[in-house]
Amino acid sequence: MGHFLLYQILPLAALWLALVWLARAPYFDRWGHAAIFLAGAALQSALWLASRPTLENADSLGFFRLAHGAETDLRAWLYRPKLYPWFLASFPSGPSLASLKTATFCQCVLKLAMGGCLLRFARLCAWKPSTTALLLFLFLFGSLWLSAPLFIFDTTLFAFLFAVFLLLAAEVRAHYSAPKFAAMCLAAGLTTLTRQVADLALLAVLTLTAIAVLRQGAGAGIGGRRLFLAVGFSLLAGLVVGGAGAAVNGIRQGVWVRSVALGVNAYTHAAYYQLHDPRTPEWEFVEAALPGARGELPAWETGFAHAIPWEAIALPHRLERELGSADVREILAGDRLLRDRALRWALGKPASYLASFANELSRLLGKCEELYPDSLIDPHARGPLFLRRAEAGAIYQPPWLLLAAGLAALILGRRNRPLLLIPALAALAYLAPIAALQMGFTRYALPALLPLLLMAGEAVDRIPSPFPSDPA
């Protein structure tokens, strides 16, 4: 607790006090946010110039190969979300360093655009300039977000679309218009076309927003059939966009499914919590398809504090290919088999499954793998340990801390509660399926950080200023 208070809370409090003091200056409201934004963009640009992006991650390599027609494996095409390969297809093939640098540059631009979404949400909530400045600093200088756009992951594109969707939902909630609602539905379709794990979050926010719009229209005596049709057609259009991946699969392969990723993802989660014990009966099923696999894998522990070995995550992917990849029928059958085995374990050992859910949620909300408390530029930088830890506390906030602050603001405050419900629902409904079906990798939690930060902003804004107001 002492370490947390000294190296997490104290740096954040000092940063907040400094920004509250600076916000008293007459020029801050006009230039302060722009200065923070430009400083964050400059730092991101410097890190980008120094980066040498690669495709070492198997998922990244698969995305890039699919994008440029180098991947012909049917399973890979059915497994991947469609929008990110289409996004990467716009960059030169190779993959050369130049093409990867171009792709990461575009991801850095998307990240900065998310900062613009934050600014607009803050304006909708009418937060104090110091609150907006703090949130903008925490986002643009966040250690996780500084590094994430420099990797070839779908996370940045997904997080950007997710942020745009949430902002449009807040815009609709604050000031409804048919074009805004239609744009929100389109953004939802594009978001789910990038990563399907957000389906529950998108559905929750869309439902909440549609009900609010219809109730407002009825209460104001406007809309009626016309409003209902506008909402209905917009939702249908978003559904059509979100189903484009399934349409592509159907046209190409005759399989009208969005992907076959559910089985292997669910089994990866189930296998990780079973196969760490070499005596578990599940090894009999695995070794029937992969003889000798038990002796190939390193030992691992499943607790929150332990890293996830890549070999354990790759095993289910090896297994699903051994189950059959000759045609669509074999692929779908293998996916169903893995899904059913994962479900059987969850239902047969509910206590173990709930413990695994809690553990993965703690990964997502807690340390986010090994990235805290790293230094901003160089995790092995020399210098006083106190200063490096204080720096880390200012540039990385555990998601659980943002969530706790946001929930407190949601419960205690009424002024912005309708707007805050949007990021609250989105963050919780996004993180829960990951903890239930997947593993708590850092990049999976990143898209939820901006919604959590928006929730926490209301809590910060409610803190009274320690400085007397300037005389009028």
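These numbers were taken from a predicted model, which means no experiment stands behind them. (Residues numbered from 1 in each chain as written. Predicted model: local features only at pLDDT ≥ 70, side-chain atom pairs only at ≥ 80, totals over all residues. Heavy atoms only, no water.)

> Go over the nonpolar core with me, naming the residues and quoting the values.
Counting 135 residues, the largest nonpolar core has Leu88, Phe121, Phe162, Phe165, Val286 and Tyr430 as its most contacted members. Looking at which element gives the most residues to this core, the answer is helix α9 (residues 155–174), with 14 residues. In contact with Phe162, other than residues within four places in its own chain, are Thr191, Ala201, Leu202, Ala426, Tyr430, Pro447 and Pro451. Leu78, Val255, Val260 and Ile331 belong to the second largest nonpolar core, which has six residues in total. (Core = buried A, V, L, I, M, F, W, Y, C linked by side-chain atoms within 4.5 Å. Buried < 20%, exposed > 50% of the residue type's maximum accessible area, 1.4 Å probe, protein only. Helix = DSSP H or I, 4+ residues; strand = E, 2+ residues; numbered from the N terminus. Contact = heavy atoms within 4.5 Å.)

> Describe the environment of Val264, with residues and values.
You can see Val264 is positioned in helix α14 (residues 261–272). A residue is classified by how much of its surface remains accessible, and Val264, at 0% relative accessible area, is buried. In this structure, Val264 is in contact with Tyr79, Pro316, His317, Glu320, Asp335 and Leu338, ignoring residues within four places of it in sequence.

> Just give me the short version of the environment of Leu110, but keep the residues and values in it.
For Leu110, the location among the structural elements is in helix α6 (residues 97–125). Given a relative accessible area of 13%, Leu110 falls into the buried group. On a C-alpha basis, the gap between Leu110 and Pro149 in space is 8.4 Å, while along the polypeptide they are 39 residues apart. Contact partners of Leu110, with chain neighbours within four places excluded, come to Phe87, Thr156, Leu157 and Phe160.

So yeah, pure geometry; function would need other evidence.
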